[in-house]
Every structure is written in structure tokens, then in C-alpha cells.
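# A closer look at the structure
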Amino acid sequence: NYWTIPRFGFMNSFTIFIVEDDKFYGEYLKHFLMSNPDYEIHLFLSGREFVEQLHRKPDVVTLDYNLPDMNGAVLLKKIRQISPETQVVIVSGQNDISTALDLIKDGAYDYIVKDQDSRSRLWNTIIRIRENQSLKNQVERLQEEVARKYDFQKTIIGNSEAIRNIYNLIGKASKTNITVSITGETGTGKEMVAKAIHYHSTRRKKPFVAVNVTAIPKELLESELFGYEKGAFTGANTRKIGKFEEANGGRLFLDEIGDMDFSLPAKILRVIQEREVVRLGGK
């Protein structure tokens, strides 16, 4: 009776599947988790029964490792295949560190041993999962808002033939993985065009990294773009990730590239052609 059930203001129901062959223990967990009225709880007494309902894609599965018809490792693989967004918490009487590490390596969120503290650990783990899910949803909504902000037909104003041609080119560039060269005088909106291409492409959830090459001293630009390994030069005390790696999976916008020192274009051309980056001092 000492439990105070926190409410976090989440609007949507949160589905938890309990997979436990010990009916008494399963009902015990179900009753305990139902203390939060936001949780929708379902109990399954076998792996087969659970797999038949996995298409419902629960938010969390608490999984007993030792089930009579299949073990937790097999079920974890099935969950990763059918419902990869589902978080899996192993709840087991098996106190084997190597097994726990293997399951977490294969994608389990946590491994909880059945003991006097398992109830509180499970409660706190589910709270963390739900908070993380809420943060993830917020990030996705913000990304959608950014994409709307860079709706190029609203941010690039005009109805001339030249502007309509720019709309058409942005639309084409957004649908490909080609390298794009954007030319124009200072202040005409080159970065705006670059962001419009990025936020309307399939890469919009990945980083957009902008670098003004004229704002970085030429002796530092190579290490900023490519990064470096520890010990690559005097003062390189740790490894540093460069802008190319930082933008991996997304897009890198090199502003004022025409003013770059003559020693760098050949190295950048290789990155563009080969899609490979070697850090300074790297192999």
C-alpha cells in the first residue's frame, strides 16, 4: 500500500503484453501494473499464444525467459522481426549474467531477475520506456513542423518562370541522392534552398549540417570537415568526428565553397565520388 502511482499526463493508452507461464505470477504482475489506468494489460501463458497476437504491436512486452514451448531468445527475435518498435523487458528467475548480456545485445531493453525488488524495477523501467517514447514522438512532431517551415513554395516567394523552375528543381533534388550545386549571390537564399531539399526528402529525419567554409581558418578546415584520430597531430588528444560523419545519413551543406583553399577540393571530390571519409591520421 506504500505505492504512489504517478500520472504523467500521457494522452494515449499504453499497451503492455505480459508473457508468463506461471499464471499466479502473471496475474500478480497484471494486477500491479493495472494500478495505472492508462495501461492496457494483456496476459499470455505461452509463447505461441503471444505470437498469435503480436501483430497488435504492443508498446512493451514483459517476457519470461523460460517458457515451456519456446525460450526468450527465440521470442525476442520474433518480436524484433514482427514489431521492432516494441520494447522488451525480460523478467526471469534465471540469474545468469551472460544470458542477460546476450539478450540485451540482441535488443532487449532490460533484464529483471525475479526477486523481492522485481516489481519496483519493472514499474520504473516501464516509466522510462514511456517517457522515452513521449520524447521520440515530440522529436517527430518537431521534425514535421520544421519540414512545414521549409515548405519551399511558402518560403521562396515568387511566381515568375525562373522561380517556378527553382520549385521544379528542388522537387527533383528532394527525390534523389545526387550531389547538388546551388549557385547565387550572397543573400539570395542558397541555404534556404538546401534546407528545402533536405526537409522534403526521405532524409529529413537525419541531420542537416551547414558549414560556412570561409568562417573557419584554412589550417583548421580539413580537420573540421574530415575529423581526426587521437595523435594525428600535436594537440590531437582525442578522436574528433568531422562534419561529413556528423551529417552521415542526412545532408552536409558547404556554404561559400568557391572561396575554399585550393588544397581541399580534390579531397572533397573523393568524398563526393566514393562516399567514403578518412579522418586525419586514420587508416
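Criteria and cut-off values
Residues numbered from 1 in each chain as written. Predicted model: local features only at pLDDT ≥ 70, side-chain atom pairs only at ≥ 80, totals over all residues. Heavy atoms only, no water. Helix = DSSP H or I, 4+ residues; strand = E, 2+ residues; numbered from the N terminus. Rg over C-alpha atoms; globule rule 2.2 N^0.38 Å. Contact = heavy atoms within 4.5 Å. Areas by Shrake-Rupley, 256 points an atom, 1.4 Å probe, with all protein chains shown as cover. Lys, Arg positive; Asp, Glu negative; His and termini not counted. Charge placed at Lys NZ, Arg CZ, Asp CG, Glu CD. Pairing = 2+ DSSP bridges. Axes fitted to C-alpha atoms, helices over the stretch in contact; angles between N-to-C directions. pLDDT = per-residue confidence, 0-100. Core = buried A, V, L, I, M, F, W, Y, C linked by side-chain atoms within 4.5 Å. Buried < 20%, exposed > 50% of the residue type's maximum accessible area, 1.4 Å probe, protein only. Salt bridge = Lys/Arg side-chain N within 4 Å of Asp/Glu carboxyl O. Phe/Tyr/Trp six-rings, centres within 6.5 Å; stacked < 30°, edge-to-face > 60°. Lys NZ or Arg CZ within 6 Å of the ring centre and 35° of its normal.

## What to know about the overall build of the chain
- The number of helices and strands found in the chain is 11 helices and nine strands.
- The C-alpha radius of gyration of the chain comes to 26 Å, more than 25% above the 19 Å expected for a compact globule of 283 residues.
- Taking as baseline every contact in the chain between residues at least 6 positions apart, the subset at least 24 positions apart corresponds to 64%.
- Accessible surface, the chain as shown: approximately 17300 Å² in total, 50% of it carbon and sulfur.
- A distance of 3 Å separates the average location of the 40 positive side-chain charges in the chain from that of its 38 negative side-chain charges.

## Some words on the sheet that holds strand E3 (residues 60-63)
- Strand order across the open sheet formed by five strands is E2-E1-E3-E4-E5, with parallel pairing between neighbours. Either end of the sheet is taken by a strand with one partner, and the two such strands are strand E2 (39-44) and strand E5 (110-113). Ignoring strand direction, the axes of neighbouring strands in this sheet form an average angle of 20°.
- Helix H1 (residues 23-33) contacts strand E1 (14-19), E2 and strand E4 (87-92) of the sheet and is inclined by roughly 175° relative to E2.
- Of the strands in this sheet, E3 and E4 are in contact with helix H3 (residues 72-82), which crosses E3 at around 170°.

## Topic: the confidence of the model for the chain
- Summing up the model confidence of the chain, the mean pLDDT is 83 and the portion of residues at 70 or higher is 91%.
- Every residue in residues 1-11 scores below 50 in pLDDT, and together they form 20 contacts with partners more than four places removed in sequence or on other chains.

## Examining the nonpolar core
- Grouped together as the largest cluster of nonpolar side chains are 20 residues, with contacts concentrated most on Phe 50, Val 61, Leu 63, Ile 79, Ile 90 and Leu 103.
- Elements supplying a minimum of two residues to this core: E1, E3, H3, E4, helix H4 (97-105) and E5.
- When residues of this core are assigned to their parent elements, the largest contribution, three residues, is made by H3.
- By size, the runner-up hydrophobic cluster in this structure holds 19 residues, among which are Phe 14, Phe 32, Leu 33 and Leu 43.

## Comments concerning the pattern of salt bridges
- This structure, assessed with the given rule, holds 14 salt bridges.
- Residue Lys 240 pairs with Glu 224 through a salt bridge whose shortest N-O separation is 3.8 Å. Placement of the pair is Lys 240 in strand E8 (residues 240-241) and Glu 224 in helix H9 (residues 218-226), with a sequence separation of 16 residues.
- The residue Arg 239 makes a salt bridge to Glu 229 at a minimum N-O spacing of 3.0 Å. Pair noted here: Arg 239 is in the loop between strand E7 (227-228) and E8 and Glu 229 is in the loop between E7 and E8, with a separation of 10 residues, a long-range link.
- With a relative accessible area of 17%, Glu 229 lands in the buried category.
- Where salt bridges share partners, they join Glu 229, Arg 239, Glu 245 and Arg 279 into one cluster.

## Some points on H9
- Every buried residue of H9 is listed here: Leu 221, Ser 223, Leu 225 and Phe 226.
- Its buried side turned inward, H9 meets strand E6 (208-212), E7, E8, helix H10 (243-246), strand E9 (251-255) and helix H11 (265-274).
- Looking one or two residues beyond H9, the residue adopting positive phi is Gly 227, at roughly 75°.

## What about the packing of aromatic side chains?
- Scanning all chains against the criterion turns up 11 aromatic pairs.
- Each residue in the set Phe 14, Phe 32, Tyr 39 and Trp 123 is aromatic and connected to the rest through ring pairs, giving one cluster.
- It is Lys 114 that lies over the ring of Tyr 25; its NZ or CZ is 4.7 Å from the centre.

## Regarding unusual backbone geometry
- Phi is positive for Lys 57, close to 50°, though the residue is something other than glycine.
- With respect to the helices and strands, Lys 57 occurs in the loop between helix H2 (47-52) and E3.
- With a relative accessible area of 48%, Lys 57 lands in the partly exposed category.
- Residue Glu 256 is not a glycine yet carries a positive backbone phi of 55°.
- Within the element layout of this structure, Glu 256 appears in the loop between E9 and H11.

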